[in-house]
Amino acid sequence: MSIVKSVTCPICGCLCDDIELTVEKNEVVKVRNGCAICESKFLGYKGHHRIKTPLMRKDGKLVPVSMDEAVHAAAEILANANYPILYGWSSTSSEAQRIGVELTEEVGGIMDNTAVVCHGPSILGVQEVGIPTCTLGQIRHRADLIIYWGCDPWSAHPRHLERYTSFTEGRFENSQWKSYMQKLKAQAGQKKLESAARIEIGSTHPKPQTCTLPGMPQSMNKSGRKLIVVDVRKSMSAEMADYFIQVQPNKDYELMQALRVLITDGELDVDSVAGVPVEYLKDVANALVNCEFGVIFFGMGLTQTAGKFRNIEIAIQLVRDLNSRTKFTIMPMRGHFNVTGANIVSAWQSGYPYGVDFSMGYPRYNPGETTCMDVLLREENDASLVIASDPGANFPKKAVENMIKHPLIVIDPHMNATSMLGDIVFPSAFVGIEVEGTAYRMDHVPLPLKKVVEPPKGVFSDEEILTRILNEVRVIKASSKKLSKKVDA
Amino acid sequence: MIVLSPLRKFTFPVNAECINPDVFQGKDIAEIGKLPLFEGNKQKKLGELFKIEEDNQDTPSITIDGDISEVRRIGMGMKSGEILINGNVGMHLGEKMSGGKITVNGNVAQWAGSSMKKGSIEIHGNASDYLASPYRGSTEGMKGGRIIVDGDVGADSGAYMRGGLIKIKGSNTGQFLGFHMGNGTIHVEKNASTRLGANMTGGKIIVSGTVDELMPSFTIDSVKAKVKVDEAESAAGPFYVFLGDLAEKGTGKIFVSKANNPNLKSYEKFL
Amino acid sequence: MPEVIIKNGFVFDPLNGINGEKMDISIKNGKIVEKVTHKAKVIDATGLTVMPGGVDIHTHIAGGEVNTGRMVRPEDHVKDTVTKTAMTRSGTGYSIPSTFVTGYRYSQMGYTTVMNPSMAPLEAKHTHEELNDIPLLDKATYPLIGDWWFVLEYLKKGDLKECARHVAWMMEITKGYAIKIVNPGGLESWGFGHNVHSIDDVVPNFCITPREIMVGLAKVNEMLNLPHSIHLHTNNLGLPGNYSTTLETMKALETVPYHGKPVAHITHLQFSSFGGDSWGNFKSAAEEVANYINTHNHMTFDMGQIIFTDTTTMTADGPFEYTLYQLSGHKWVNSDVETETSGGIIPFHYKKNNAVNATQWSIGLELALLIKDPWKMMMTTDHPNAGPFSFYPRILAWLTSKDARMATLKNCHKKAQKNSLLPSIDREITLYELAIMTRAAQAKALGLKNKGHLGVGADADVAIFNINPETTDIARKYKTARKAFKNAAYTIKDGQIVVKDGEVVGKADGRTMWLNVETTEPCRIDDEMKNKFRQYWTVDYENYPVSDHYVKVKDPITIKASV
């Protein structure tokens, strides 16, 4: 039995690197410091969905084949394709992603990653206006106003607040954990009183849920860190906030633009924006301008609602404008643990962060044109390789239908929605558990991922699988070049 | 003069920058047939994808008959000449053109007329997203020329416009029409969608039909009886005139038909 | 490894005093040797100029900031695409080339060693991952240490020795090469949106001044015996009238004990030599700065020469980049790094018809021409800040040819033309001096013993150019010279021909160099330090260092410190 410390968790963009694992007989048996999702991955990765050997579809069924056969078949498909897509990349290491770029360039296809269904709009917004941002430690040390807009860290990034924002100790700001605990106690006390009152009076109807905005509460005047959550519904994160602002769905753009006018003491011709009375917005504007260091974290609530990348653009412009009054930053809550890395690796090797089209021999980038979702919906592709992601589960139905009309190569540890649809399936080892590598946190900080156990026999790393396919593609292309030379001669 | 007909339906994108009157100029059919282009990741010759014939002198420099919705970058950067397309055409049509004329009897895909400098594009069908809008990260919007669309227009069109005229006759325009516009005119003969003129700093947008909602960062300035669309044409009002975008300290103007937008009556109290 | 002999070229090797002598250069096993056998491959360099491979002391080519720059400028890349060949990977260029293209383009110009001058220690792994993907060049990188909390705290305490030990530790675990200081005190202040405005301003929360930081680290540098001096980006960079801050800085560094080796290097000096007191009366202070430099020997410098084009600025000087945003309104990236540093990126277009830009252009050249000793002033553009490195040949033409300078000046804004000193400067840098400013001086300042020269034992990094010094007057034929410097006739890396006639013909990874600094007493890496680590950073102590895994081809240099 051994204890491995300072393990980096391979789940979400938080990339918590203080996980402690107890390993016994090549299995992780205990997880310390991790959130529920972290624990479930480290304890459950060996489940019965694990693929044990390479598979190929023959007569409609996936049957075990040798690695050589699978590699050769995959390489043939890619080498001969006219417009292949190589998609995913977000749950593997930067070392594997680098080979991915090389392979995509070699086969003249598109390299795209899961940002295309997630924070791609954030990248597009940044490309329009830049981004005033920082590493998470700056937030921890300095931020006294923390805003989560269109995201729910309680559910999706569970340790975000305790490691980086409201509930952590910094050099210049303290944790608000105690204050939050007191608030919970008070709420529990209040709830008990209310339920007692109901029993007393004999009323069986619960009080109607009011969604009207109560205006800025007193808690926003306290010293220390303040937490604001902006969302269309009262999420679990909103329950923790000092101030919850409920915004009408698809109206975040208008709300942010209104704030931009208000923070410069401008006047609006309207009484409310996005369901929020302008007088409350003026209080919000004051809070924004009067903090020492503010931050907006945002998620799909902005990237995937009406406006998409323009929502991010306006959020960044708001933060940018605030910098003329105080210090303010903004950061996207990246999902997959290495989607940031996929963008980074793609950018340093090609110049572009995702949706990179190598079909003309040099990198081209134009989301909407060269992103795989759009290529699939227009049925332009003729082969796909999917790695470290599950588009079968989360792409629009039409895109998946079009994807499986053509050969589909899948590299994944698990039998999931995508691998079930694959024509060639390679079982891969888990990065951060069975294979070491590097990942990039949501704030672009690189962290090492450890290998704590051995992968199952016959299961290789993404790096090895990709390298083998790349080498085989080169062999096939070289011999077909020779052949065509002979034919021409 | 030259008539192109696609030899088959294209499934993979065809990047055909060579289909351009300036490029065809002075070349015979054989030479035109040898012009290089890409279909997917395969380098091909124009003659492998299109039937190329010569027509009489009076017809446009290039006529294309057939569905070429996968053919992109036609007329890119063209300085003169005419292109007539009888069918639906792919992305980046007439991008950065600085002269000449393109007519489409069909629909156009995204980025038609992107960063146009001069010339004219007439679309007798629908335009898609990003009409006249510049490339990612660039602020070089349409500088001059005219784009007329008989049908609808998609989202994010006319972004960063700096000059010229866009006329939209169809009943639907996407969000963010005229985004960050600095100069020039956009005339929507029917209905405009939300976030019209967001981040606008100058120029004018005229809506003769309805608009769902205006950005809260626009303020009502006046009511005007009519407004000039270009040298030849005026639009009849009366129009509410809105000034904005206040968030950019902009002095752009949005003219909205008073008669067709009773929902905007509440602004009158600020006049 | 094969033997190579470069025959009959005009050799310029200033570190060995060779000035255009016709001689042979012999190479064996990747090193310069006395002689080789008759089996050696012959490169006929008759009528050609032979120099050591170029060394660039300051060029932003790898890491978090550079890459964010790439990510936010797709409209820059689309102007300059690079197609894959059998020998080379594809990529994009213009102001922030992708990694492969960076390697190819430098090599095509005869460069063989480059220094990435800005690395946030927390993001060091990223820098090294990118350096691995820059082919054909040897490289190293400088960690940003000037505003590191441990440095600020120990210097405040006056504990130079403990500061030195921490710096040694930092240098080793980030696999760095030199102490980089940017706007000292300003970056920590920027953490809350403030800045420092003089070298005696007090940094909020840390009670230390920029003067104390610079002098302290210069002394630390001495104690550690690091091969390069401190590498300094001055306070008030980019602001009108800042030359007085630069003079004060240089004077402050006179207090550091000088033992014949420079105590500091001020980088991209052009940006720190501004006169006037507003953009309205902006003017050059190159003469004042050059006068000081001509009478003091304790420092070295590099130019930061402006190129008139649309480029991208990127520095760790967060507050300065914000100022540029306020001036230009362009898209602005800010990236502060906890405990360590800050950073900013903004596109910038230097225009001839802009009086300020044109004057800046003149400043860089005035400095280079007025500073008498070419060993003090090295050629750079602070790529990509003042311009992309692929424009270097233009600068070489401006330096060596008054005609070239005048041809550009006459298209500049009238005000800049009127105020420029260039019409009164006749000096034309010779080929020998050029070799000093682009390779010999850089290697010497960096303490790279086997670079920048062609003496026996040096690395066989050689650049051969299509210039016959006997028949071509580069001062008159500057367009020919420019072309020759743009596409080397040969670039040889470790004895292998990697570029021929400006085309990449060979593959080589290049090495990454870094310092393993051995202090007599090691830094107390014990529980107390690890605990403090957890308080200061959001990563675990164990995950912070750059392991050997991150360097493809390792070239560590062991340094013995005096502390």
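This one's a predicted model, so the numbers in the text were calculated from it and none came from an experiment. Residue positions are counted from 1 within each chain, in the order its sequence is given. Chains carry letters from A onward and ligands carry numbers from 1 onward, assigned in written order. With pLDDT at 70 or above as the cut-off, local features in this predicted model cover only qualifying residues; side-chain atom pairs require 80 or more to be listed or tallied, and sums for whole chains, interfaces and linings still use all residues. Computation of side-chain values covers all heavy atoms of the structure but excludes hydrogens and water.

### A few points about the overall build of chain A
Piece 1. A run of H or I in DSSP counts as a helix once it spans at least four residues, and a run of E counts as a strand once it spans at least two, with each numbered from the N terminus. Each helix and strand counted, chain A has 19 helices and 22 strands in total.
Piece 2. In terms of overall dimensions, chain A is globule-like: its C-alpha atoms have a radius of gyration of 25 Å, near the 23 Å expected for 489 residues.
Piece 3. Each principal axis of the C-alpha distribution contributes one length, and for chain A these read about 85 × 55 × 50 Å.
Piece 4. The long-range share in chain A, meaning contacts at least 24 apart out of those at least 6 apart in sequence, stands at 68%.
Piece 5. Surface accessibility of chain A: about 18,000 Å² in total, with carbon and sulfur atoms responsible for 54%.
Piece 6. Positive charge is attributed to Lys and Arg, negative charge to Asp and Glu, and no charge count is given to His or to the chain ends. In plain terms, the charge of a residue is placed at NZ if it is Lys, CZ if Arg, CG if Asp and CD if Glu. Positive and negative side-chain charges in chain A, numbering 54 and 56 respectively, have mean positions lying 4 Å apart. Our radius of gyration is a C-alpha quantity, and the globule rule it is checked against amounts to 2.2 Å times the number of residues to the power 0.38. In what follows, a contact means two residues having at least one pair of non-hydrogen atoms within 4.5 Å. The accessible surface values rely on the Shrake-Rupley method and a 1.4 Å probe; as for residues, cover is taken only from the protein chains in view.

### Focus on the domain arrangement of chain A
Think of interface size as the accessible area that goes away when the parts come together; that is how it is often given.
All names here are of chain A.
Piece 1. Domain boundaries in chain A define domain 1 (49-117 + 337-488) and domain 2 (120-198 + 210-332).
Piece 2. Start and end points for every domain follow an automatic or database-based domain assignment. Inter-centroid distance (C-alpha atoms) of domain 1 to domain 2 is 37 Å.
Piece 3. In this assembly, 11 residues from domain 1 lie in contact with 16 residues from domain 2.
Piece 4. Joining two parts hides part of their accessible area as seen by a 1.4 Å probe, and the buried area is that hidden amount summed over both. For the domain 1 and domain 2 pair, buried surface summed over both sides reaches about 940 Å², with 61% attributable to carbon and sulfur atoms.
Piece 5. When a carboxyl oxygen of Asp or Glu lies within 4 Å of a side-chain nitrogen of Lys or Arg, that pair is called a salt bridge. On the surface where domain 1 and domain 2 come into contact, there are zero salt bridges.
Piece 6. Contacts described as polar in this section are N or O atom pairs within 3.5 Å, which, within protein, must combine one atom able to donate a hydrogen with one able to accept it, while residues neighboring in sequence count only if both atoms come from side chains. For the interface between domain 1 and domain 2, the tally reads five residue pairs in polar contact (both at pLDDT 80 or more).
Piece 7. Nonpolar residues are Ala, Val, Leu, Ile, Met, Phe, Trp, Tyr, Cys and Pro. Charged residues are Asp, Glu, Lys and Arg, and all others, Gly as well, are polar. Taken together, the residues of the side of domain 1 that touches domain 2 break down into eight nonpolar, one polar and two charged.

### Observations regarding the interface of chain C and chain A
Piece 1. The interface of chain C with chain A comprises 60 residues on the first partner and 66 residues on the second.
Piece 2. Counting each side, the surface lost to burial between chain C and chain A is near 5,200 Å², with a carbon and sulfur contribution of 50%.
Piece 3. Looking at the side of chain C facing chain A, the largest losses of area belong to C:M71, C:F192 and C:T538, adding up to 13% of the total buried there.
Piece 4. For the pair chain C and chain A, the interface holds nine salt bridges.
Piece 5. As a salt-bridge pair, A:K450 and C:E542 come within 2.8 Å of each other at their nearest N and O atoms.
Piece 6. Of the residues that constitute the side of chain C that touches chain A, the class distribution is 20 nonpolar, 24 polar and 16 charged.
Piece 7. The pairing of strand β8 (residues 130-134) of chain A with strand β18 (residues 332-336) of chain C spans five bridges and is classified as parallel. Within the sheet, the bridge partner assigned to A:T133 lies in β18(C) and is C:S335. When DSSP finds at least two bridges between two strands, those strands are taken to pair.

### Quick notes on the environment of A:D265
Piece 1. Mapped onto the fold, A:D265 is located in the loop between α10 (252-262) and β12 (272-273).
Piece 2. C-alpha separation for the pair A:D265 and A:S428, spaced 163 residues apart in sequence, amounts to 57 Å.

### As for the packing of aromatic side chains
Given two aromatic rings, their pairing is described by the distance between the two centres and the angle made by the two planes.
Piece 1. Side-chain rings of Phe, Tyr and Trp (the six-membered ring for Trp) are treated as a pair once their centres are within 6.5 Å; stacked means planes under 30 degrees apart, edge-to-face means over 60, and tilted covers the remaining angles. Across all of its chains, the model carries 48 aromatic pairs over all chains by this definition.
Piece 2. Measuring from centroid to centroid gives 5.0 Å for A:F167 and A:W177, while their planes differ by 70 degrees, and the two rings are edge-to-face. Here A:F167 is found in the loop between α7 (160-164) and α8 (177-201), whereas its partner A:W177 is found in helix α8, with 10 residues between them in sequence.
Piece 3. Between C:F348 and C:Y350, the aromatic rings sit 5.0 Å apart at their centres with planes inclined by 50 degrees, giving tilted as the arrangement. Taken individually, C:F348 and C:Y350 each receive the classification buried, so the pair is uniform in this respect.
Piece 4. Over a ring means this: the NZ of a Lys or the CZ of an Arg is within 6 Å of the ring centre and within 35 degrees of the ring normal. Looking at A:R310, its charged tip hangs above the ring of B:F176, at a distance of 5.8 Å from the centre.
Piece 5. Note that C:K175 overlies the ring of C:W514, its terminal NZ or CZ placed 4.7 Å from the centroid. Only protein chains enter the calculation, and the probe is 1.4 Å; a residue is then buried if its accessible area is under 20% of its type maximum, exposed if over 50%, and partly exposed in between.

### A closer look at the sheet that holds strand β15 (residues 327-332) of chain A
All names here are of chain A.
Piece 1. Strand order in the open sheet formed by five strands is β11-β10-β9-β14-β15, and the pairing between neighbours is parallel. Two strands bound the open sheet, and with one partner strand each, they are β11 (243-246) and β15. Mean inter-strand twist for the sheet, computed between neighbouring axes without regard to direction, equals 15 degrees.
Piece 2. For strand β9 (residues 145-149) and strand β14 (residues 293-298), the ladder comprises five bridges, and the chain directions are parallel. Counterpart to I147 in the pairing with β14 is I296. To get an axis, a line is fitted to the C-alpha atoms, and for a helix only the part in contact is used. The angle between two axes follows their N-to-C directions and goes from 0 to 180 degrees.

### Here we look at the environment of C:S95
Residues and elements named next belong to chain C.
Piece 1. As for its placement among the helices and strands, S95 is situated in the loop between β8 (91-92) and α3 (99-108).
Piece 2. Judged by relative accessible area, S95 falls into the buried class, the value being 0%.
Piece 3. Separated by 106 residues in the primary sequence, S95 and D201 have C-alpha atoms spaced 35 Å apart.
Piece 4. Discounting chain neighbours no more than four positions away, the residues touching S95 are R73, D76, D310, T311, T312, H383, P384 and P388.

### Some remarks on a negative patch on the surface
Residue and element names in this part refer to chain B.
Piece 1. Side chains of D28, E31, E54 and D55 sit close together on the surface and give a patch of like negative charge.
Piece 2. Along the chain, E31 turns up in helix α2 (residues 29-33).
Piece 3. Overall, the relative accessible area of 40% leaves E31 in the partly exposed class. Patch membership requires over 30% relative accessible area and the absence of a salt bridge. Like charges are linked within 9 Å, and nonpolar side chains (Val, Leu, Ile, Met, Phe, Trp, Tyr) within 5 Å.

### Quick word on the pattern of salt bridges
Between side chains of opposite charge, a pair can form as their charged atoms come close.
Piece 1. Going through the model one piece at a time under the given rule, you end up with 80 salt bridges over all chains.
Piece 2. As a salt-bridge pair, A:R378 and A:E380 come within 2.7 Å of each other at their nearest N and O atoms.
Piece 3. A relative accessible area of 0% places A:E380 in the buried class.
Piece 4. In this structure, the salt-bridge partner of C:D200 is C:R211, at a minimum N-O distance of 2.8 Å. Highlighted residues: C:D200 in the loop between α7 (186-190) and α8 (210-224) and C:R211 in helix α8, separated in sequence by 11 residues.
Piece 5. Looking at C:D200, the relative accessible area reads 40%, which means it is partly exposed.
Piece 6. By relative accessible area, which is 31% here, C:R211 ends up partly exposed.
Piece 7. One network of salt bridges, in which partners are shared, links C:K31, C:D138, C:K451, C:D459, C:D461, C:K493, C:D494, C:R511 and C:D555.

### Brief notes about the environment of A:K222
Residue and element names in this part refer to chain A.
Piece 1. Tracing the backbone shows K222 in the loop between α8 and β10 (226-231).
Piece 2. Taking relative accessible area as the criterion, K222 reaches 22% and is therefore assigned partly exposed.
Piece 3. Counting along the chain gives 196 residues from K222 to T418, while the straight-line C-alpha distance between them is 50 Å.
Piece 4. Each residue touching K222, except ones within four places of it in the same chain, is listed here: Q176, S179 and D242.
Piece 5. Among the polar contacts listed, one links the side chain of K222 to the side chain of Q176, at a separation of 3.0 Å.

### Some thoughts on the pairing of strand β3 (residues 36-39) of chain B
All names here are of chain B.
Piece 1. The sheet contact formed by strand β2 (residues 14-15) and β3 spans two bridges and is antiparallel. Looking at β3, one finds that V14 is bridged to E39.
Piece 2. Pairing analysis gives four bridges linking β3 to strand β4 (residues 42-45), with the strands arranged antiparallel. Residue pairing for β4: F38 is matched across the bridge by Q43.
Piece 3. Between β3 and β4, which pair antiparallel and follow one another directly, the connecting turn spans two residues, one of which, G40, has a positive phi of 60 degrees.

### Quick notes on helix α1 (residues 64-72) of chain C
Piece 1. Judged by how many residues are buried, α1(C) sits mostly within the fold: nine of nine residues are covered.
Piece 2. Regarding α1(C), the residues found buried are C:G64, C:E65, C:V66, C:N67, C:T68, C:G69, C:R70, C:M71 and C:V72.

### As for the confidence of the model for chain A
Low pLDDT means the predicted coordinates in that region are not meant to be read closely.
Piece 1. Looking at chain A as a whole, its pLDDT mean stands at 94, while 97% of the residues score no less than 70.
Piece 2. Every residue gets a pLDDT, meaning the predictor's confidence in that residue, from 0 to 100. Low pLDDT, under 50, characterises residues 207-212 of chain A; the predicted model gives this stretch one contact beyond four residues in sequence or across chains.

### Looking at the interface of chain B and chain C
Piece 1. Chain B puts four residues into the contact, and the matching count from chain C is four residues.
Piece 2. Across the chain B to chain C interface the summed buried area is about 300 Å²; carbon plus sulfur atoms make up 71%.
Piece 3. Contact with chain C buries area across many residues of chain B, yet B:Y135, B:R136 and B:G137 alone supply 89% of it, more than any other trio.
Piece 4. Across the chain B-chain C interface, the total number found is zero salt bridges.
Piece 5. One can count one residue pair in polar contact (both at pLDDT 80 or more) joining chain B with chain C.

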